[in-house]
Amino acid sequence: MGVIARYREHLPVGPSTPEVDLNEGSTPLVPSRNIGRALGLKHLYFKYEGLNPTGSFKDRGMVVAVAKALEAGSKVLMCASTGNTSASMAAYAARMGVRAIVVVPSGEIALNKLSQALMYGAKVVTLRGNFDSALETVRDLANRYPVALMNSINPNRIEGQKTAAFEVVDALGDAPDYLLLPVGNAGNITAYWKGFREYQSAGKATRLPRMIGAQAEGAAPIVSGHAIPNPTTVASAIRIGNPASWEGATTARDDSGGMIAAVSDTEILSAQIRLASSEGLFAEPASAAPLALLFRLVRDGKIEKDATAVVVLTGSGLKDPDAALKNVEPPIELDGDARTLAKVLKL
Ligand SMILES: *Cc1c(COP(=O)(O)O)cnc(C)c1O
């Protein structure tokens, strides 16, 4: 069952909304086995969004946005993307038989995300410049031509993405104390906050979490309070200098008593390896940013040891293996028999 079927009464869909479904959502909330213990945190969980059909949380919002675009009669879907939005949009467009046009910043997108969009049959245009300028161009085009804009400024994306907050509450029985996630264009933090608030109003949660957002140091417009013209970070999914949902992010932060802070690329990559090698969860670099921030907050005594904390692992590590492989030992290559092998392996 996809998110529209599971959370229909909380979503802007009706009898005339076409059925769109790739079985997205219902991702596991995995209890930490080792990191939580090492940090002294009793209740640490990972929301493993990499298990969505195209490998990131983007599917939750895209399924609703595509259904609504089809309901409105759209035949051409378009987005600017750092990768995962395009992969997701292309998949749903393929399934529903409509055209998909993807605009990506040239040289800035992880190869596997690009391969997804191409395999799903999208028309991919690489535009010189960064994500922010690609988004500006696509917004401008969507204002003048009959194409449906599928970026997270599309409110139906936010509607779909808020279902992740519902799932966290459904799994824990109430909202956690802390919800940590990466912040790029800031649609997701906006969506989670909306989801938690709506679930509380509906009587399904008794409280609200503190929202903790992580940006990368070289791409931290919200932390620094001004747009960054040339954002840089290894975490391509959050390499964004002028977030479209800036206000949604600061509202979530301030109304929840949370924070948005920056972590370095070194912290991101070491959190990514630690997550994979000590929990068996391989997430892309952007997803490791909130874990890196959690390490710092625990070290600084900012998170109580008995608090319930959920870290959202937004996308699969398989999306961007190049970024990860730079930081692990390469495989050993050798000629020889079992004895040589055993010797090398110190068995
Ligand atoms: C899109 C994305 C983000 C950033 O989400 P925003 O809604 O743009 O803040 C983070 N991680 C991954 C894997 C993503 O695909």
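None of these values were measured; they are calculated from a predicted model.

**Comments concerning the overall build of the protein chain**
- For the protein chain, the count of helices and strands is 15 helices and ten strands.
- Residues counted as buried form 57% of the 347 residues belonging to the protein chain.
- Measuring between centres, the 36 positive side-chain charges of the protein chain sit 1 Å from its 34 negative side-chain charges.

**Looking at the site of the ligand**
- Residues in contact with the ligand amount to 16 residues; listed here are only the nearest, Lys58, Asn84, Asn185, Asn188 and Thr314.
- Take Asn185: an N or O atom from its main chain is 2.8 Å from an oxygen atom of the ligand.
- In the model, an oxygen atom of the ligand is placed 3.2 Å from a nitrogen or oxygen of the Gly187 main chain.
- Coverage of the ligand by the protein chains reaches 97% of its 380 Å² of free accessible surface.
- In terms of residue class, the shell around the ligand is made up of seven nonpolar, seven polar and two charged.

**What to know about the sheet that holds strand β7 (residues 178-182)**
- Read across the sheet, six strands follow the order β1-β2-β10-β7-β8-β9 without closing on themselves; strand pairing throughout is mixed. In the strand order of this sheet, the two ends are held by β1 (29-31) and β9 (259-263), each with one partner. Each strand axis lies, on average, 25° off the axis of its neighbour in the sheet, ignoring direction.
- Strand direction decides the pairing type here: β1 and strand β2 (residues 43-48), joined by three bridges, are antiparallel. If you follow Leu29 over to β2, its bridge partner there is Lys47.
- With respect to the sheet, helix α12 (residues 265-279) is in contact with β2, β8 (210-216), β9 and β10 (308-313), its orientation differing from that of β9 by roughly 95°.

**Considering the side chain of Thr54**
- Along the chain, Thr54 falls in the loop between β2 and α3 (58-71).
- Taking relative accessible area as the criterion, Thr54 reaches 3% and is therefore assigned buried.
- Leave out the neighbours within four places in its chain, and Thr54 touches Asp59, Ala87, Ser88, Ala91, Gln116, Tyr120 and Lys319.

**Some points on the pattern of salt bridges**
- Applying the stated criterion across every chain, the model contains 16 salt bridges.
- Its salt-bridge partner being Asp174, residue Arg207 comes within 3.9 Å of it at the nearest N-O pair. A residue pair is termed long-range when its members are at least 10 positions apart, and Arg207 in the loop between α9 (187-201) and β8 and Asp174 in the loop between α8 (163-172) and β7 qualify at 33 residues.
- Judged by relative accessible area, which is 33%, Arg207 ranks as partly exposed.

**Some thoughts on helix α11 (residues 246-256)**
- Turning to α11, its buried residues number three or more, namely Gly248, Ala249, Thr250, Ala252 and Ser256.
- For α11, the elements touching its buried residues are α9, β8, α10 (221-224) and β9.
- Following α11 by one or two positions, Gly257 has its phi on the positive side, about 70°.

**Here's the deal with α3**
- For α3, spanning 14 residues, the distance from its first C-alpha to its last is 20 Å, which sits close to the expected 20 Å at 1.5 Å a residue.
- Listing the buried residues of α3 in full gives Lys58, Asp59, Arg60, Gly61, Met62, Val63, Val64, Ala65, Val66, Ala67, Ala69 and Leu70.
- Gly73 lies just past α3 and shows a positive phi near 90°.

**Brief notes about the environment of Phe196**
- Residue position: Phe196 is located in helix α9.
- Separated by 142 residues in the primary sequence, Phe196 and Ala338 have C-alpha atoms spaced 56 Å apart.

**Quick look at the pairing of β7**
- Judged by how many residues are buried, β7 sits mostly within the fold: five of five residues are covered.
- Along β7, one buried face is formed by Tyr178, Leu180 and Pro182 and the opposite face, lined by Leu179 and Leu181, is buried too.
- Strand direction decides the pairing type here: β7 and β8, joined by five bridges, are parallel. Within β8, the position partnered with Leu181 by the bridge is Gly213.
- Traced from β7 through α9 to β8, the parallel crossover comes out right-handed.
- Relative to β10, β7 is paired through three bridges, and the arrangement is parallel. From the neighbouring strand, Leu179 faces β10, where its bridge partner is Val310.

**Focus: the packing of aromatic side chains**
- Tallied over the entire structure, the rule returns three aromatic pairs.
- Between the aromatic rings of Phe166 and Tyr199, the centroid separation amounts to 4.3 Å while the plane-to-plane angle is 15°, which identifies the pairing as stacked. With a gap of 33 residues between them, Phe166 in helix α8 and Tyr199 in helix α9 connect regions that are remote in the sequence.
- Owing to a relative accessible area of 0%, Phe166 belongs among the buried residues under this scheme.

**A look at the side chain of Thr314**
- With respect to the element layout, Thr314 can be found in the loop between β10 and α14 (321-325).
- Overall, Thr314 belongs to the buried group, its relative accessible area being 6%.
- Dropping the residues within four chain positions of it, Thr314 is found in contact with Glu49, Gly50, Gly55, Ser56, Phe57, Pro182, Asn188, Ala286 and Ser287.

**Examining the pairing of β2**
- Sheet topology places β2 next to β10; six bridges connect them, and they run parallel. The residue bridging Tyr45 from the neighbouring strand is Val310, located in β10.

Analysis parameters
Residues numbered from 1 in each chain as written. Predicted model: local features only at pLDDT ≥ 70, side-chain atom pairs only at ≥ 80, totals over all residues. Heavy atoms only, no water. Helix = DSSP H or I, 4+ residues; strand = E, 2+ residues; numbered from the N terminus. Buried < 20%, exposed > 50% of the residue type's maximum accessible area, 1.4 Å probe, protein only. Lys, Arg positive; Asp, Glu negative; His and termini not counted. Charge placed at Lys NZ, Arg CZ, Asp CG, Glu CD. Near = heavy atom within 4 Å. Polar contact = N/O pair within 3.5 Å; in protein donor to acceptor, adjacent residues only side chain to side chain. Areas by Shrake-Rupley, 256 points an atom, 1.4 Å probe, with all protein chains shown as cover. Nonpolar A, V, L, I, M, F, W, Y, C, P; charged D, E, K, R; others polar. Pairing = 2+ DSSP bridges. Axes fitted to C-alpha atoms, helices over the stretch in contact; angles between N-to-C directions. Contact = heavy atoms within 4.5 Å. Salt bridge = Lys/Arg side-chain N within 4 Å of Asp/Glu carboxyl O. Expected span 1.5 Å × (residues − 1). Right-handed = clockwise from strand over helix to strand, strands pointing away. Phe/Tyr/Trp six-rings, centres within 6.5 Å; stacked < 30°, edge-to-face > 60°.

In short, shape yes, function no, at least from these values alone.
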